[in-house]
Amino acid sequence: MPEARRPLPGTRETLEVGATVREALPNALFRVELATETRTSVTAHVAGESSLLRLRPGDEVVVEIAPYDAGRGRIVRRR
Amino acid sequence: MSVQKSWSELQNMARACRIVVNALDALEAAALAGVTTREMDRIAREHIEKAGARPAFLGYRGYPATLCISVNEEVVHGIPGPRKLREGDIVGLDLGCVVDGFYGDAARTVAVGRTSEEAQRLMKVTRESLFAGIDTCHPGKRVGDIGHAVQTHAERHGYSVVREFVGHGIGTSLHEEPQVPNYGPPGRRERLVAGMCLAIEPMVNVGRSEVDVLADGWTAVTRDRSLSAHYELSVAVTQHGPWILSEPYPYGQAEAANA
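Rules and cut-offs
Residues numbered from 1 in each chain as written. Chains lettered and ligands numbered in written order. Predicted model: local features only at pLDDT ≥ 70, side-chain atom pairs only at ≥ 80, totals over all residues. Helix = DSSP H or I, 4+ residues; strand = E, 2+ residues; numbered from the N terminus. Rg over C-alpha atoms; globule rule 2.2 N^0.38 Å. Buried ≥ 20, exposed ≤ 12 C-beta atoms within 10 Å, placed from the backbone. Contact = placed C-beta atoms within 7 Å. Expected span 1.5 Å × (residues − 1). Nonpolar A, V, L, I, M, F, W, Y, C, P; charged D, E, K, R; others polar. Pairing = 2+ DSSP bridges. Core = buried A, V, L, I, M, F, W, Y, C linked by C-beta atoms within 7 Å. Axes fitted to C-alpha atoms, helices over the stretch in contact; angles between N-to-C directions. Left-handed = near helix turned anticlockwise from the far one by under 90°.

A.B. asks: How would you explain the overall build of chain B if you had to name every residue and give the values?
C.D. replies: Scanning chain B from terminus to terminus reveals five helices and 15 strands. The C-alpha atoms of chain B give 17 Å as radius of gyration, which agrees with the globular expectation for 259 residues (18 Å, within 12%). Dimensions of chain B, computed from the C-alpha atoms along their principal axes, are close to 50 × 40 × 30 Å. Each of the 259 residues in chain B was classed as buried or not, and the buried ones make up 52%. Expressed as a percentage of contacts within chain B between residues at least 6 apart in sequence, the contacts between residues at least 24 apart total 70%.

As structure tokens, this is what we get:
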């Protein structure tokens with residue numbers, strides 16, 4: 001009987017969700033609104049790529065959210 | 001950390017595994033059109049109890065039966081019920097037992113009557129994938145080498161391997177460390193040492209690898225509803241290589257003492 005897979009220690013299982021940028025905050029942070037039914041707002045920082053630093057309100061992005069803190073995210077790419 | 005078993009503990013493991021495989025032989029013969037999956041469960045339980053063992057799955061995390069029976073697009077953990085097997089179905093039979101505190105676990109997929117060429121090919125490739133995994137079970141190799149061998153073989157034939165469920169260490173519990181995925185890069189994860197016992201169990205799909213669990217909380221089906229097959233054997237790593245615990249020790253009696 002197979003066992004449900006557990007993630008390896010030290011690996012992160014993140015959830016990717018679509019989102020819309022609402023507001024640019026200081027320190028390359030953005031307030032984004034998730035494209036989920038509840039339209040939750042999360043604070044997100046950008047991942048690597050500098051083109052993401054020039055995001056403007058209204059831009060469509062993909063945000064990665066860790067299960068530990070649903071209020072923070074990481075903008076992975078444009079959508 | 002996984003537990004290394006002594007030679008006498010391996011004998012007990014082998015006893016449990018033989019009971020399971022004997023019962024699977026009986027179930028394979030009984031898998032005929034018109035038989036219900038509940039009837040198959042009854043046969044499984046009778047065989048296990050007649051052999052002086054106890055079902056390992058019954059009650060495990062609330063699982064309600066002795067046998068897992070997974071038809072066609074069902075991958076694993078199908079619960080026996082009123083469903084009747086039909087000509088052309090492929091049926092995953094997964095069974096475990098406990099004797100004197102030691103667990104045996106094995107599975108195979110069988111055809112009901114005549115089935116499609118695609119289904120036959122899937123079963124053949126899945127079984128070969130299992131043996132590709134078993135063949136890597138030498139001390140010094142790693143758990144990732146097993147998964148890599150399984151995945152490589154299945155994907156070479158255009159199939160995909162399930163990620164959400166994995167094989168496992170086995171011994172005095174049904175599921176022990178380490179987990180044994182059927183995919184991934186070689187050279188990673190735990191090192192294999194003599195005395196480890198692993199249940200290696202590729203689940204291979206004709207279509208994509210994603211699976212969903214149905215509302216019963218157990219039955220896993222392929223998301224694209226493509227056919228899926230499942231084979232499993234419990235294997236001990238010995239200093240001479242793999243020992244499929246349901247078979248006689250393959251490396252000669254003289255060597256047995258220092259396996």
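Next comes the rest of the account.
A.B. asks: Kindly report on helix H3 (residues 117-135) of chain B, identifying the contributing residues and their values.
C.D. replies: For H3(B), spanning 19 residues, the distance from its first C-alpha to its last is 27 Å, which sits close to the expected 27 Å at 1.5 Å a residue. Of the residues making up H3(B), those classed as buried are Leu122(B), Met123(B), Val125(B), Thr126(B), Ser129(B), Leu130(B), Ala132(B) and Gly133(B).

A.B. asks: So what's going on with the interface of chain A and chain B? Which residues, and what values?
C.D. replies: With six residues of chain A at the contact, the number on the chain B side is 18 residues. Residue composition of the side of chain A that touches chain B, grouped by class: three nonpolar, no polar and three charged. Where strand S1 (residues 3-4) of chain A lies against strand S7 (residues 165-169) of chain B, two bridges are found, and the strand directions are antiparallel. Each bridged residue has a counterpart across the sheet, and for Ala4(A) the counterpart in S7(B) is Phe165(B).

A.B. asks: Describe in detail the nonpolar core, supporting the description with residues and values.
C.D. replies: Within the largest apolar cluster, 79 residues are counted, with the highest numbers of intra-cluster contacts made by Met13(B), Ala16(B), Val20(B), Leu95(B) and Val235(B). It is helix H1 (residues 7-30) of chain B that provides the largest number of residues to this core, a total of ten residues. Sequence-distant contacts of Val235(B), that is, excluding residues within four places in its chain, are made with Ile134(B), Cys137(B), Leu198(B), Ile200(B), Pro242(B), Trp243(B), Ile244(B) and Leu245(B). Counting ten residues, the second-largest nonpolar core is a separate cluster that includes Val32(A), Ala44(A), Val61(A) and Ile75(A).

A.B. asks: Outline the packing of H1(B) against helix H2 (residues 37-50) of chain B, listing residues and values.
C.D. replies: All names here are of chain B. Packing of H1 against H2 brings their axes to within 9 Å, and their N-to-C directions diverge by 145°. Taken as a pair, H1 and H2 cross one another with a handedness that is right-handed. On the side of H1, the interface is formed by Ile-19, Asn-22, Ala-23, Ala-26, Leu-27 and Ala-30, while H2 contributes Met-40, Ile-43, Ala-44, His-47 and Ile-48. Considering only residue class, the contact of H1 with H2 consists of nine nonpolar, two polar and no charged.

A.B. asks: I'd like a description of the sheet that holds strand S10 (residues 203-205) of chain B, backed by residues and values.
C.D. replies: Residue and element names in this part refer to chain B. Reading across from one edge, S6-S10-S13 is the order of the three strands in this open sheet, with antiparallel pairing throughout. Lying at the two open borders of the sheet, with one neighbouring strand each, are strand S6 (160-161) and strand S13 (228-230). Relative to S10, S6 runs antiparallel, the two being bridged by two bridges. The residue of S10 that forms the bridge with Ser-160 is Asn-205.

A.B. asks: An account of the sheet that holds strand S6 (residues 72-78) of chain A is needed here, citing residue identities and associated values.
C.D. replies: Residue and element names in this part refer to chain A. If you walk around this closed barrel you meet the five strands as S2-S3-S4-S6-S5, and the pairing is mixed. Across this sheet, the average inter-strand angle for adjacent strands is 55°, counted without regard to direction. Across five bridges, strand S3 (residues 29-34) lies against strand S4 (residues 41-46) in antiparallel orientation. The partner of Arg-31 across the bridge, within S4, is Thr-43.

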